[in-house]
Amino acid sequence: MFTPDRILTLGRAFMASKALLSAVELDVFTALAAGPLDFKSLKNRLGLAERGARDFLDALVALGLLERDPVGCYRNAPDADNYLDRHKPSYVGGELRLYNQRQYPHWDRLTAALLTGESQSQESAIDYFPTMYADRAKLSTFAQGMTGGALLPARAIAANFPWAEHKTFADIGTAQGCLPVVLAQAHPHLTGIGFDLTPMKATFESYVCAHALADRLRFVAGNFLTDALPKADVIVLGRILHNWDLATKKLLLRRAHDALPPGGAVIVYERLIDDERRTNATALLASLNMLIMTRGGFDYTGADCCTWMQEADFRNTCVEPIAGGQSMIVALK
Ligand SMILES: C[S@@+](CC[C@H](N)C(=O)[O-])C[C@H]1O[C@@H](n2cnc3c(N)ncnc32)[C@H](O)[C@@H]1O
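What counts and what doesn't
- Residues numbered from 1 in each chain as written.
- Predicted model: local features only at pLDDT ≥ 70, side-chain atom pairs only at ≥ 80, totals over all residues.
- Heavy atoms only, no water.
- Helix = DSSP H or I, 4+ residues; strand = E, 2+ residues; numbered from the N terminus.
- Rg over C-alpha atoms; globule rule 2.2 N^0.38 Å.
- Buried < 20%, exposed > 50% of the residue type's maximum accessible area, 1.4 Å probe, protein only.
- Near = heavy atom within 4 Å.
- Polar contact = N/O pair within 3.5 Å; in protein donor to acceptor, adjacent residues only side chain to side chain.
- Areas by Shrake-Rupley, 256 points an atom, 1.4 Å probe, with all protein chains shown as cover.
- Nonpolar A, V, L, I, M, F, W, Y, C, P; charged D, E, K, R; others polar.
- Pairing = 2+ DSSP bridges.
- Axes fitted to C-alpha atoms, helices over the stretch in contact; angles between N-to-C directions.
- Contact = heavy atoms within 4.5 Å.

Here we come to the overall build of the protein. The number of helices and strands found in the protein is 16 helices and 10 strands. For 333 residues, the compact-globule estimate of 2.2 N^0.38 gives 20 Å, and the C-alpha radius of gyration of the protein, at 21 Å, lies within 12% of that figure. Principal-axis analysis of the C-alpha atoms gives the protein an extent of 65 × 50 × 40 Å. For the protein, buried positions account for 50% of its 333 residues.

Quick look at the structure:
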């Protein structure tokens with residue numbers, strides 16, 4: 001006998017999601033990183049009103065994000081402590097802050113996006129990234145959000161690609177420079193470029209300086225829609241192609257091919273839809289996020305990407321799942 005439980009649980013999933021996003025916004029996990037706090041101390045530290053505070057904190061316990069001991073003190077669950085304390089290098093809360101500030105309100109417009117086929121973001125009506133970057137606060141939230149989402153894939157790419165065979169790389173659409181920093185830390189022989197729009201320069205440079213890597217990593221400002229890409233042994237397109245329509249995806253792969261030497265490699269990393277388009281709900285929902293947020297963007301399968309790479313004259317295409325639900329697609333020139 002079927003029950004409606006699964007359906008109703010899915011319908012309410014936004015409540016659990018928003019509780020997590022608000023907890024990250026309020027920095028609950030950073031507050032608890034130094035050690036457990038009782039209810040009153042934690043409530044006061046977070047500035048919570050009396051009404052709702054206990055339900056909120058206990059909901060986080062029930063969701064497995066906090067633990068509460070028999071005397072009523074709250075502490076972080078181990079994964080929350082590792083990934084949601086903003087003072088730890090493994091912090092991924094930047095991505096969740098971005099969901100909270102940008103995606104969450106825009107998803108209220110999903111039905112309208114489906115009925116019109118049009119983006120529901122004001123920025124995309126003009127020129128998504130430059131319009132967003134005119135507001136420094138939005139640029140900063142976005143850049144930190146990208147670092148939150150890129151950290152685990154970057155570590156996996158550092159570990160799973162034959163970097164010893166290459167000397168230079170260029171990360172196209174680098175944002176704050178998470179991937180270049182991770183690669184340079186893991187492989188001292190590498191030097192790299194972070195390529196992005198001019199407004200990202202200061203953010204990239206201060207992030208790279210904070211990691212003491214300015215001697216090996218530099219920023220190149222440019223527009224990948226109009227400019228050639230910087231030359232390097234390896235070109236990385238991390239979570240770039242999904243922002244754009246098909247013609248632009250193909251253009252970017254051709255530009256990557258032009259920038260590589262013979263034997264050079266392109267690495268695309270992205271949350272791929274499964275080839276059968278049946279099982280990876282997260283990736284399919286991410287593609288709807290592109291519908292809502294961008295003018296022509298959509299997510300795609302590994303098979304799609306390999307076909308576009310072959311059309312751009314790449315060979316030896318290979319799809320490999322990496323961390324954080326992402327995959328890397330590697331091809332050679
Ligand atoms: C979705 S983010 C991905 C950031 C990073 N690669 C990652 O995986 O976290 C897309 C990046 O492309 C950059 N970008 C967008 N349009 C661009 C353009 N026309 N030329 C150069 N960079 C661009 C954005 O500034 C942003 O940093």
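The subject of this paragraph is the site of the ligand. In the region of the ligand, 20 residues are neighbours, and Y133, G173, D196, R239 and Y269 sit closest. One nitrogen or oxygen atom from the side chain of R239 is found 2.7 Å from an oxygen atom belonging to the ligand. For the ligand, whose accessible area on its own is 600 Å², the fraction buried by protein is 96%. Put simply, the parts of the chain that give the shell around the ligand at least two residues each are α10 (128–133), α11 (136–160) and β5 (191–196). The biggest single contributor to the shell around the ligand is α11, with 3 residues. Residues belonging to the shell around the ligand are distributed by class as follows: 13 nonpolar, 5 polar and 2 charged.

With that settled, the discussion passes to the sheet that holds strand β10 (residues 327–332). In a beta sheet, neighbouring strands pair by backbone hydrogen bonds and run either parallel or antiparallel. Pairing within the open sheet is mixed, and its 7 strands lie in the order β6-β5-β4-β7-β8-β10-β9. Pairing within the sheet leaves two strands with one partner each, and these edge strands are β6 (217–221) and β9 (315–321). Taking the axes of each pair of neighbouring strands and ignoring which way they run, one obtains an average angle of 20° across the sheet. Bridge count between strand β8 (residues 265–270) and β10: 6 bridges; the pairing is antiparallel. Across the sheet, the residue bridging to I267 is V330, located in β10. Helix-sheet contacts for α11 involve β8, β9 and β10, and the interaxial angle to β8 is about 145°. Of the strands in this sheet, β5 and β6 are in contact with helix α13 (residues 201–210), which crosses β6 at around 180°.

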